[in-house]
Amino acid sequence: QVQLVESGGGLVQPGGSQRLSCAASGTIVSIYDMGWYRQAPGNQRELVAVITSGGRTNYADSVKGRFTISRDTAKNTVYLQMNSLKPEDTAVYYCNAEAVVAGTGGLYNYWGQGTQVTVSS
């Protein structure tokens, strides 16, 4: 099994910055893509950003130029630096990882519990 623990959410003013972290633990053989998704009330969960094991990144159009995803492979941790935050960025942010777990022989998708980000004055 893989556990993903997010941290760094909270209340921030419009135009401010916030950094989210997500650490993966468990009997991990390898982690491939890691990413961040978000879900606002009444909306479907949507991709925010993803980073491959090789460091390639992809962003939602709505966050390009404002958010930066990065990862520390040695620590099995992914980060999301969010700048120039807008009220429409308010959502629960979820960490996601595709990982191979010891003893399973397969690639599985794992989710964190979510962390609330609220952008408001």
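Residues numbered from 1 in each chain as written. Predicted model: local features only at pLDDT ≥ 70, side-chain atom pairs only at ≥ 80, totals over all residues. Heavy atoms only, no water.

**Student:** Would you mind going over the packing of aromatic side chains with me for this structure?
**Tutor:** The geometry of an aromatic ring pair is captured by two quantities: the separation of the ring centres and the angle between the planes. Taken as a whole and judged by the stated rule, the model has 1 aromatic pair. Relative to Trp-111, the ring of Tyr-37 has its centre 5.0 Å away and its plane inclined at 65°; by these criteria the two rings are edge-to-face. Here the residue Tyr-37 occupies a position in strand β4 (residues 28-39), and Trp-111 occupies one in strand β10 (residues 107-111), the gap between them amounting to 74 residues. A cation over an aromatic ring shows up here: Arg-45 above the ring of Tyr-94, its NZ or CZ 3.7 Å from the ring centre. One residue, Arg-45, lies across the ring of Trp-111, its end atom 4.6 Å from the ring centre. (Phe/Tyr/Trp six-rings, centres within 6.5 Å; stacked < 30°, edge-to-face > 60°. Helix = DSSP H or I, 4+ residues; strand = E, 2+ residues; numbered from the N terminus. Lys NZ or Arg CZ within 6 Å of the ring centre and 35° of its normal.)

**Student:** What is the right way to read unusual backbone geometry from this model?
**Tutor:** It is generally the case that most residues other than glycine have a negative phi and that most peptide bonds are trans. The phi dihedral of Asn-76 is positive, around 50°, even though this residue is not glycine. Within the fold, Asn-76 resides in the loop between β7 (67-72) and β8 (77-82). Take Asn-76: its relative accessible area is 25%, and that puts it in the partly exposed class. For Ser-84, which is not glycine, the phi torsion reads 50° and is therefore positive. (Buried < 20%, exposed > 50% of the residue type's maximum accessible area, 1.4 Å probe, protein only.)

**Student:** Where do I start with the state of the cysteines in this structure?
**Tutor:** Any covalent bond linking the sulfur atoms of two cysteines counts as a disulfide. In this structure the tally under the stated criterion is 1 disulfide. At a sulfur-sulfur separation of 2.1 Å, the disulfide partner of Cys-22 is Cys-95. In this structure the cystine formed by Cys-22 and Cys-95 twists about its S-S bond by roughly -85°; its chirality is therefore left-handed. Note that Cys-22 is positioned in strand β3 (residues 18-26) and Cys-95 in strand β9 (residues 91-101), a separation of 73 residues in sequence. On the basis of relative accessibility, which here comes to 0%, the residue Cys-22 falls in the buried class. (Disulfide = S-S within 2.5 Å.)

**Student:** Just to check I follow, could you spell out the sheet that holds strand β1 (residues 2-7) for this structure?
**Tutor:** Adjacent strands of a sheet form backbone hydrogen bonds with each other and so pair up, either parallel or antiparallel. Pairing is antiparallel in the open sheet, where 4 strands are placed in the order β1-β3-β8-β7. Only two strands of the sheet have a single neighbouring strand rather than two, namely β1 and β7. In this sheet, adjacent strand axes meet at a mean angle of 15° when their direction is disregarded. In the sheet, β7 pairs with β8 via 6 bridges, with the strands oriented antiparallel. (Pairing = 2+ DSSP bridges. Axes fitted to C-alpha atoms, helices over the stretch in contact; angles between N-to-C directions.)

**Student:** Can you help me understand the environment of Gly-8 in this one?
**Tutor:** Structurally, Gly-8 is set in the loop between β1 and β2 (10-12). Sequence separation of Gly-8 and Arg-19 is 11 residues, and the distance between their C-alpha atoms is 5.9 Å. In this view, Gly-8 contacts Gln-18, Arg-19 and Leu-20; residues no more than four positions away in its chain are not counted. (Contact = heavy atoms within 4.5 Å.)

**Student:** I'm lost on the nonpolar core in this one. Help?
**Tutor:** In a soluble, globular protein the nonpolar side chains are often hidden away together inside. Counting residues in each nonpolar core, the largest one holds 31 residues, and the members touching the most others are Trp-36, Leu-80 and Tyr-93. Elements supplying a minimum of two residues to this core: β1, β3, β4, β5 (46-51), β7, β8, β9 and β11 (115-119). Ranked by residue count, the leading element in this core is β9, at 6 residues. The contacts of Leu-80, once residues within four sequence positions are left out, are Gln-18, Arg-19, Leu-20, Trp-36, Val-48, Ala-49, Phe-67, Thr-68, Ile-69 and Tyr-93. (Core = buried A, V, L, I, M, F, W, Y, C linked by side-chain atoms within 4.5 Å.)

Distances and angles like these do not, on their own, reveal function.
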